[in-house]
Amino acid sequence: MRKSLRVAGIATACAVAGAALYGTGAATADNASARHTAEPQNIGLLVGEIDDYYGAYQDADGVWRSSPDSPYAKDLARIQAKAKKDIRKAAAHGAKGAGHGKKPAIVLDVDDTSLLSFDYEKTTNFTYNSATWDAYVKAAKRPAVFGMPELVQYAKGKGVEVFFLTGLSESQREGAVTNLAKAGYATQLDKQHVFTKDKTNPPAYLSDCATPAKWECTTVQFKEGTRKHIESKGYDIVGSFGDQVSDLAGGYADKTYKLPNPTYFVE
């Protein structure tokens with residue numbers, strides 16, 4: 001489940017406020033004295049810090065952008081530099097025949113790992129809505145996350161296969177694939193290389209948590225099960241990339257790379 005900054009902040013504030021009210025009420029067997037609480041960070045100040053982190057600005061068309069010299073971009077570059085070293089080593093290891101006969105591969109999440117949705121977060125005031133999000137994805141206008149198309153090309157140049165694994169629905173596939181191509185991802189973007197959530201016709205390898213009648217897969221189960229499926233096809237996932245911990249949990253990857261995203265979280 002995706003939770004926005006605003007929703008998460010309000011939920012925290014309400015929880016704290018509730019605890020404070022309970023703490024100042026009449027003493028009970030479970031509450032003999034007032035409880036101390038800590039006021040959560042002011043959401044206006046937090047948004048300002050996020051803007052500074054991304055180097056937020058609006059272009060001539062009013063679209064919110066992140067600056068290529070922002071702290072966000074610098075953090076990405078640091079992570080990508082480490083990943084390229086790891087990919088080079090893994091590819092060389094396989095080329096020398098020291099591996100286990102599997103072809104090296106990397107797996108990338110899409111939202112805020114491959115394609116940046118910062119404009120959506122800003123224009124919606126960090127509040128998720130399924131209808132507006134669907135329209136935004138299908139518009140296929142998101143820019144690439146800084147440096148990620150270049151990382152993909154680097155991996156491909158080392159003989160590493162590239163897969164995308166996203167929580168976007170099957171109905172959003174066309175928008176995602178179109179956007180990836182427009183954003184500079186020069187790699188295979190067919191159904192064998194881009195995995196979406198198909199809740200109507202879930203694949204057999206997710207049968208433990210999904211059937212045509214009912215989808216019960218968590219984000220972790222969906223992504224773990226799909227990575228396991230990819231490896232069953234003769235690949236060794238040498239690197240898994242995501243902006244959420246839930247993108248990366250569950251194994252079936254030699255290394256994981258958590259990209260920064262302070263605007264929402266997915267359980």
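See the structure printed just above.
Cut-offs applied
Residues numbered from 1 in each chain as written. Predicted model: local features only at pLDDT ≥ 70, side-chain atom pairs only at ≥ 80, totals over all residues. Heavy atoms only, no water. Helix = DSSP H or I, 4+ residues; strand = E, 2+ residues; numbered from the N terminus. Buried < 20%, exposed > 50% of the residue type's maximum accessible area, 1.4 Å probe, protein only. Contact = heavy atoms within 4.5 Å. Areas by Shrake-Rupley, 256 points an atom, 1.4 Å probe, with all protein chains shown as cover. Salt bridge = Lys/Arg side-chain N within 4 Å of Asp/Glu carboxyl O. Expected span 1.5 Å × (residues − 1). Polar contact = N/O pair within 3.5 Å; in protein donor to acceptor, adjacent residues only side chain to side chain. Core = buried A, V, L, I, M, F, W, Y, C linked by side-chain atoms within 4.5 Å. Arc of directions from axis to C-beta. Disulfide = S-S within 2.5 Å.

So, the overall build of the chain
Looking only at helices and strands, the chain features nine helices and eleven strands. Per-residue burial for the chain yields a buried fraction of 43% across its 267 residues. Of the contacts made within the chain by residues no fewer than 6 positions apart, 67% connect residues no fewer than 24 positions apart. A total of about 13,500 Å² of accessible surface is found on the chain, and carbon and sulfur atoms cover 55% of it.

Observations concerning the pattern of salt bridges
On inspection of all chains with the given rule, the structure shows twelve salt bridges. The salt bridge involving Lys214 is made with Glu216; its shortest N-O contact spans 3.2 Å. Of the residues examined, Lys214 reaches a relative accessible area of 51% and is grouped as exposed. On the basis of relative accessible area, Glu216 is assigned to the partly exposed category, the value being 48%. Residues Lys223 and Asp247 are paired through a salt bridge, measuring 2.8 Å at the closest nitrogen-oxygen approach. You can see Lys223 sitting in helix α8 (residues 219–232) and its partner Asp247 sitting in helix α9 (residues 245–248), a full 24 residues away along the chain.

Describing α8
Between its terminal C-alpha atoms α8 stretches 20 Å, which fits the 20 Å expected from 14 residues at 1.5 Å a residue. Three or more residues of α8 are buried, namely Thr219, Phe222, Lys223, Gly225, Thr226, Arg227, His229, Ile230 and Glu231. One or two residues past the end of α8 sits Gly234, with phi positive at roughly 100°.

Digging into the side chain of Asp198
Along the polypeptide, Asp198 turns up in the loop between β6 (194–197) and β7 (210–211). Engagement of the side chain of Asp198 in a polar contact is seen with the backbone nitrogen of Asn201, the distance being 3.0 Å.

Let's talk about the nonpolar core
Counting 42 residues, the largest nonpolar core has Ile106, Leu108, Phe164, Tyr185 and Phe241 as the members making the most contacts within it. Counting residues per element, this core draws most heavily on helix α3 (residues 71–95), which supplies six residues. Apart from the residues lying within four places of it in its own chain, the contact partners of Phe241 are Ala83, Ile106, Val107, Leu108, Asp109, Thr113, Met148, Leu151, Leu248, Tyr257 and Leu259. Membership of the second largest hydrophobic core comes to 14 residues, among which are Cys209, Trp215, Cys217 and Phe222.

Description of helix α2 (residues 43–54)
Taking 1.5 Å per residue, twelve residues should reach 16 Å; α2 reaches 17 Å between its end C-alpha atoms and fits that length. Every buried residue belonging to α2 is among Val47, Ile50, Asp51, Tyr53 and Tyr54, and all of these are buried. What you see down the axis of α2 is that its buried residues fit within an arc of 160°, all on one side. Of the exposed residues in α2, the ones pointing more than 90 degrees away from its buried face are Leu45 and Asp52. For α2, the N-terminal cap is Asn42; the gap from its side-chain oxygen to the backbone nitrogen of Gly44 is 2.8 Å. Of the residues flanking the end of α2, it is Gly55, one or two places downstream, whose phi is positive at about 65°.

Notes on unusual backbone geometry
Residue Asn125 is not a glycine yet carries a positive backbone phi of 55°. For Asn125, the position within the fold is in the loop between α4 (118–123) and α5 (130–139). We note that Ala140 has phi near 55°; this positive angle belongs to a residue other than glycine. For Ala140, the location among the structural elements is in the loop between α5 and α6 (148–157).

Comments concerning the state of the cysteines
Under the counting rule described, the total for this entry stands at one disulfide. Between the sulfur atoms of Cys209 and its disulfide partner Cys217 the distance amounts to 1.9 Å. Judged by the torsion about the S-S bond (80°), the Cys209/Cys217 disulfide is right-handed. Exposure remark for Cys209: the relative accessible area of 10% places this residue in the buried category. On the basis of relative accessible area, Cys217 is assigned to the buried category, the value being 8%.

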